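Each chain, written out:
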Amino acid sequence: MKVLLQNLTKIFPSRNKKDKGAEVIAVNDFNLEIPDGKLVGLLGPSGCGKSTTLYMISGLQSPTSGKIFFGDDDVTKLTPENRGIGLVFQNYALYPHLTVQQNILFPLQNLKGENRLSKEEMLKRAHEVAKLVQIDEYMNRKPAELSGGQQQRVAIARALVKMPRILLLDEPLSNLDARLRLQTREEIRRIQRDTQITTIFVTHDQEEAMSISDYIVVMKLGVIMQTGKPQWVYDDPANLFVAKFLGTPPINLFSGKVENGKLYIGDEQVLDTNGVEDQEVYVGIRPEGFVIDKTGKLTCSISGIDVMGRDVSVVSTNSNSLNPVVRSIIASEEMSNISGNTVKFNLKENKVFIFNKETESRVYFGEQLKAHEAMVAEMEEEGQSYVTHHGSLPREADDVHKEFEVEEKKGVIDKIKGLFSKKKKDAEIKDEAPVPAVDEVKTSTAEEKDEAPKEEPAAADEKNEAFPVDEVNASPKDSANSKPTVKKKTTVTVVAKKSSNNSSKIKSTTANATSVNITSTTAKKPNEVKKIDSEG
Ligand code: ADP
Ligand code: MG
C-alpha cells in the first residue's frame, strides 16, 4: 500500500514556559510518497519531527494541515483503528501477566462484527506470525522470561497479527544492546521482505537507517532535507546538513573558497572547479576521499596512524579543518609514501563536496553534476521523486556549534587513550569518566539528546484522542508524549491537555482534571472511551 503525505504540517504550542504563545513547527509542509512494499527510514536528530510524522500517519495525532493517503484512500480523518496500521514503539511494553501467545492474540480478540475470527483462526494466525518473527518456541513464556530482542519480536508479531496495511516502527531497536540491535534490525528487514508490508521505520541512527531502508528521508527541524536510496544520499548529499549527518567516521569539514575556477583550502589549491563562481565554501571530504601522494595538494600533520587490516586510518591535523582532526582511510600500500610527520593528500573528486557558506547548499563541480543528474533520472525511473531542501535552516549554526563541541570532546579522549584504541580500552575509559568512547560519540550523543524531551512534563496534544488499545504495543507516554497511556489490564489513561495558562481543556465534567483514568475489564474502542470521558 502506497502512502502519500501531502503538505503535512503539525504545529504544537511551545513547551518552553518562558516563551508562552510560541509555536513549534514539528513537521513543516511534508510532501512525501512512500512506495508500496518498501521500507522507508525516517532519519534525523532528536526533535526533528520523526515521531510526530509517524503518529500522524498512524492517526494518533491529527495534522494541523495537510493530508494523508493510503493508496487512494484519504485517511486524514480516520481513527487509528480504522487505518489498518501496526505500530511498534521503542518500549515494547508487552502485557507482563500474559503469555507470548496471549499477547499476540490480544488484538485479534478485540475484533468486532464481521472481522471477528473463530478461536481456531485466531490461534492459526498467532502461530503464523510467531513463526515469522521466530518466537513460536516461546509461546507459553511470559515477557519477563524473554530477552529484550525476543520481547521486541513479540511486539512486532502483535503489530503484524491483524495484517496491517502499513507497519510503523518508532525507534524499535533503541532499547536493545548493540548485538541484539544488529540482529533484530536484520530480522525486521527479513520480515518486511517476506510480508512486503509498506513499512516506515523511524530512527536517529544513521547507520541503522542506511542499512535497513530501501529509501531514507533525512529530516531536520520538521523539514525534509533529502530523500533517496541510502547510498545515493551518501554519495550525493544535497546540503551540508545531510553530508554531516551520514557517514562513520563522519565527513571531514574544511573552510575553503573557490577562486578563478580553483578550490582552495587555506593557500593550497586542491581541485579544479572550472565554471564555479567565486565564493566562500565549506569543503567536505569523506574519509575515503584521500590519496596519499608525495606531490599531493593538501598538506596535513600526522597525529596518529592505526592499522585496520587492509586499510589504514591516518589521523592528522590541518589549520583549516573545522574538526579537531582529519580522519582519512587509506589503502595500506599507500603508506610507504609517508615520511616524517607531514602527509600530503590528493583528493578524489567524487568524495569531495563543496557547500556555499551562506546557504549551505551543494555546489557541484567537475563531473559531479552529471553523476547527480544520472541518479535523479534513475530515481524517477523507479517512480520516486527527488526531494531535497537546498539551503540552511534556522538553528543550523547552533547545530554546527554543538557538533564541534562533541568533536572537541572526542579530540580530548583521543589524546587520553591513544588514537583508535581497542574497544576494551574504550570501555575502561568509559568507566572512569562519563564521556562516550570515540566511535560511539555520535550515537550516544544522539541518544542522550533523545532522552531529553522525556524529562519534560508530558504535554498533551490538543485532542484527547482515545487510543485503540489493540493497536498499541507500548506505553506511549514516552513516545507520543501526549497520548493516552495503555496500561495492563486494559486501563486507558486519557491525558488532558494542559494549556499554557495551565487550565485544562478537557471536555465536560472532567474540566479540572489533567488526567482521567478509565479502567475496564475489556478494551474500549475510542468512541466508547470518549463517551465515558464526556459522561465524566
Ligand atoms: P523526534 O521523534 O524526531 O525526536 P518529535 O516528533 O518527537 O521528534 O518532536 C518534534 C518537535 O515537536 C520537538 O521540538 C518536540 O519537542 C515537539 N513536540 C513533540 N510533541 C509535542 C507536544 N505534544 N507538545 C509540544 N511539542 C511537541
Ligand atoms: Mg521520536
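For the structure itself, consult the block above.
Quick look at the structure, then. All figures in this text were calculated on a predicted structure; none of them were measured in a lab.

The next thing to look at is the sheet that holds strand E6 (residues 85-88). Within the open sheet, the six strands sit side by side as E6-E7-E8-E3-E9-E10. Their pairing is mixed. At either margin of the open sheet sits one strand with a lone partner, and together these are E6 and strand E10 (223-228). If you compare each strand with its neighbour and ignore which way they point, the axes differ by 15 degrees on average. Summarising the sheet, strand E9 (residues 215-220) and E10 pair through five bridges and their orientation is antiparallel. Within E10, the residue paired with Val218 across the bridge is Gln226. Relative to the sheet, helix H4 (residues 148-160) contacts E6 and strand E7 (166-170), its axis offset from that of E6 by approximately 165 degrees.

One pass over the structure, following the stated rule, counts four aromatic pairs. Taking the centre distance of 4.8 Å and the plane angle of 45 degrees together, the rings of Tyr95 and Phe106 count as tilted. Of this pair, Tyr95 sits in the loop between E6 and helix H2 (100-109) while Phe106 sits in helix H2, placing them eleven residues apart in sequence. Assessed through its relative accessible area of 6%, Tyr95 is described here as buried. Residue Phe106 is classed as buried on the basis of its relative accessible area, which comes to 12%. Lying over the aromatic face of Tyr264, Lys257 brings its terminal NZ or CZ to 5.6 Å of the ring centre. When the ring centre of Tyr234 is taken as origin, the NZ or CZ atom of Arg286, which lies over that ring, is 3.9 Å away.

Let us now look at the site of ligand 1. In the vicinity of ligand 1, 16 residues are found, and the nearest of them are Gly47, Gly49, Lys50, Ser51 and Thr52. Taking Cys48, its main chain carries an N or O atom lying 3.2 Å from an oxygen atom of ligand 1. The backbone of Gly49 places a nitrogen or oxygen atom 3.0 Å from an oxygen atom of ligand 1. Elements supplying a minimum of two residues to the shell around ligand 1: strand E1 (3-13), strand E2 (23-34) and helix H1 (50-58). The leading source of residues in the shell around ligand 1 is H1, at three residues. Residue composition of the shell around ligand 1, by class: seven nonpolar, seven polar and two charged.

Okay, the sheet that holds strand E17 (residues 311-317) next. Overall, antiparallel pairing links the five strands, which are arranged E15-E19-E16-E17-E18 in an open sheet. Edge positions in the open sheet fall to strand E15 (290-292) and strand E18 (326-331), since each of these has one partner strand only. Ignoring strand direction, the axes of neighbouring strands in this sheet form an average angle of 50 degrees. Examined bridge by bridge, E15 and strand E19 (residues 342-347) share three bridges and lie antiparallel to one another. Note on E19: the bridge partner recorded for Ile292 is Phe345.

On to the packing of H2 against H4. Where H2 contacts H4, the axes come no closer than 7 Å and their chain directions differ by 30 degrees. Classified by the interaxial angle, the pair formed by H2 and H4 is roughly parallel. In this structure, the crossing between H2 and H4 has a hand that is right-handed. Where H2 abuts H4, its residues Val100, Asn103, Ile104 and Pro107 lie against Val154, Ala157 and Arg158.

What follows deals with unusual backbone geometry. The linkage connecting Thr248 with the following residue, Pro249, adopts the cis geometry, with an omega of -10 degrees. Residue position: Pro249 is located in the loop between helix H8 (240-245) and strand E11 (252-259). Phi at Leu221 is positive, roughly 45 degrees, even though this residue is not glycine. With respect to the helices and strands, Leu221 occurs in the loop between E9 and E10. A positive phi angle, near 50 degrees, is found at Asn260, a position not held by glycine. Tracing the chain through its elements places Asn260 in the loop between E11 and strand E12 (262-265).

What counts, and where the lines are drawn
- Residues numbered from 1 in each chain as written.
- Chains lettered and ligands numbered in written order.
- Predicted model: local features only at pLDDT ≥ 70, side-chain atom pairs only at ≥ 80, totals over all residues.
- Heavy atoms only, no water.
- Pairing = 2+ DSSP bridges.
- Helix = DSSP H or I, 4+ residues; strand = E, 2+ residues; numbered from the N terminus.
- Axes fitted to C-alpha atoms, helices over the stretch in contact; angles between N-to-C directions.
- Contact = heavy atoms within 4.5 Å.
- Phe/Tyr/Trp six-rings, centres within 6.5 Å; stacked < 30°, edge-to-face > 60°.
- Buried < 20%, exposed > 50% of the residue type's maximum accessible area, 1.4 Å probe, protein only.
- Lys NZ or Arg CZ within 6 Å of the ring centre and 35° of its normal.
- Near = heavy atom within 4 Å.
- Polar contact = N/O pair within 3.5 Å; in protein donor to acceptor, adjacent residues only side chain to side chain.
- Nonpolar A, V, L, I, M, F, W, Y, C, P; charged D, E, K, R; others polar.
- Parallel < 35°, antiparallel > 145°, perpendicular 65-115°, else oblique.
- Left-handed = near helix turned anticlockwise from the far one by under 90°.

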